[in-house]
Amino acid sequence: MIKSLKMKNVRCFDHFEIDFDNKLTYIYGKNGSGKTTVLEAIYLISTGKSFRSQDESTMIKNDKNYAEINLETSHDNFRIVLTRKGKRIWINKKEVRKLSDFVGKLKSVLFSPDDIEIIKGKPQRKRKFINLSIIQFKNEYVKKLKRYHEVLKKRNTILKIDSKKPSDEYFEIITKELIKEAKTIIKERSEFIEKLNKRTKINFKLFSDKEIRIIYKANCELNEIENTFIQGEKKDILYETTLNGPHRDTIEILFDGNSAKEKTSQGQQRLIAFVIKMSVLDIINEKFNEKTIFLLDDILSELDVDNQGKVLKNNYKEQQIIMNSTEEKRIEIGKIMLVKENNHEWI
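These numbers were taken from a predicted model, which means no experiment stands behind them.

1. Thoughts on the sheet that holds strand S9 (residues 212–217)
The antiparallel open sheet is built from three strands, whose spatial order is S9-S10-S11. In this open sheet, the two strands that pair with only one neighbour each are S9 and strand S11 (258–259).

2. Examining the side chain of glutamate 40
Locating glutamate 40 in the fold gives a position in helix H1 (residues 35–47). For glutamate 40, the side chain forms a polar contact with the side chain of arginine 52, separated by 3.1 Å. Leaving out residues up to four positions away in the same chain, glutamate 40 has contacts with Arg11, Ser50, Phe51, Arg52 and Met59.

3. Looking at the sheet that holds strand S6 (residues 87–91)
Across the sheet, six strands lie side by side as S2-S1-S4-S5-S6-S7; this open sheet has antiparallel pairing. The open sheet has two edge strands, strand S2 (13–19) and strand S7 (94–96), and neither has a second partner. Across the sheet, the mean angle separating the axes of adjacent strands is 15 degrees when strand polarity is ignored. In this sheet, S6 lies alongside strand S5 (residues 77–83) in antiparallel orientation, the contact comprising five bridges. Opposite arginine 79, over in S6, you have tryptophan 90 as the bridge partner.

4. What about the packing of aromatic side chains?
Scanning the entire structure with this criterion turns up eight aromatic pairs. Both rings, one in phenylalanine 13 and one in phenylalanine 16, keep their centres 4.5 Å apart while their planes meet at 45 degrees; by these two values the pair is tilted. Looking at phenylalanine 13, the relative accessible area reads 0%, which means it is buried. By relative accessible area, phenylalanine 16 is classed as buried at 1%. Between phenylalanine 111 and phenylalanine 274, the ring centres sit 5.4 Å apart and the planes meet at 90 degrees, which makes this aromatic pair edge-to-face. On the criterion of sequence distance, the pair formed by phenylalanine 111 in strand S8 (residues 108–111) and phenylalanine 274 in helix H8 (residues 266–288) is long-range, its members being 163 residues apart. You can call phenylalanine 274 buried: its relative accessible area is 1%. Over the aromatic face of tryptophan 90 sits the side chain of arginine 79, whose NZ or CZ is 4.4 Å from the ring centroid. Lying across the ring of phenylalanine 137, lysine 287 places its NZ or CZ 4.6 Å from the centre.

The rules behind the values
- Within every chain, residues take consecutive numbers counted from 1 along the sequence as written.
- With the structure being a predicted model, the display of local features is reserved for residues of pLDDT at least 70 and the display and counting of side-chain atom pairs for 80 or more, all residues being used for whole-chain, interface and lining totals.
- Water and hydrogen atoms play no part in the side-chain values, which are based on all heavy atoms of the structure.
- For two strands to count as paired, DSSP must find a minimum of two bridges between them.
- The helix count covers DSSP runs of H or I at least four residues long, the strand count covers runs of E at least two residues long, and both are numbered beginning at the N terminus.
- Polar contact criterion, stated in full: a pair of N or O atoms within 3.5 Å, where within protein one must be able to donate a hydrogen and the other to accept it, and residues adjacent in sequence count only if both atoms are side-chain atoms.
- In this description, contact between two residues means that some pair of their heavy atoms is separated by no more than 4.5 Å.
- Interaxial angle, 0 to 180 degrees, is taken between N-to-C directions of lines fitted to C-alpha atoms, where a helix line uses only the stretch in contact.
- Only rings of Phe, Tyr and Trp enter the pairing, Trp through its six-membered ring, and a pair is recorded when the two centres are within 6.5 Å. The plane angle decides the type: under 30 degrees is stacked, over 60 is edge-to-face, the rest tilted.
- Categorising residues by exposure relies on relative accessible area from a 1.4 Å probe, with only protein chains included: less than 20% of the type maximum marks a residue as buried, more than 50% marks it as exposed, and the intermediate range marks it as partly exposed.
- Comment: the charge-over-ring label is applied if NZ (Lys) or CZ (Arg) is within 6 Å of the ring centre and within 35 degrees of the ring normal.

Written out as structure tokens, the structure is:
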């Protein structure tokens, strides 16, 4: 459980401190008041990434040269310092240099308005969702994914340098190595999505009598991957890049057997995305027998009134939930915080 969060020079805040002594913390305030920054800082500690920007240096307040985030849990102390050139990370006062040694130490799942892209977004966005979810479930997946992309980069370099006919022994070795790493990624993704489907089927019944299913559309079938690479080599040479492999995977969400992207309203898509994220949380909790932090960004504007009530009433009484909204709302349990003008107050 998160006990406290301190921020310095982060976005609109010069200095911000908050103690979390309840399972549910409800933060509300006007747009631009900094309520989402609280979630962003926690997410950065959890994943090493911001969910609002690919460049974490944008989190540094405009007139400052650095930003600092300190977070204390029941077991660990985390510290991140951001500069215009990069970031440094410490766990329990010991500097961590490899992202794979840091990611997943604080387990969290985030739901934000952008998660509707899980349903209607581009393949790259969908792969990002799957990858980040598996990383929270299996920390070693970071190294596997990194290794795959390292080998992929080597193969693409050869294709660009020797684009006419890269048939030397080194190219064959690299291709075999890429296939080996690709099989690992495909297997991990397939197993995770199978678990996710089982949990999603259960959770969606809390909100609807319909059924949703996640279809993993692997670019290469596991038992056909060697043939796919052999058959695709001429095209790879022509386009000077590797056209097959897990870096081309995607997923499709079905709603009662039909494409959720094509056959559902935006409101239904928001609910589907929320339930999928809720299910990711559940399978992480089940594996580690501990409660993962559930971060809910502007959840009330994303769901209708009936489903808002179901989220607040029926789910995760023992779960630490940190949520925000522009709406003032009374809740039966937990604490309410108003964020305004570089400060906050408990209500």
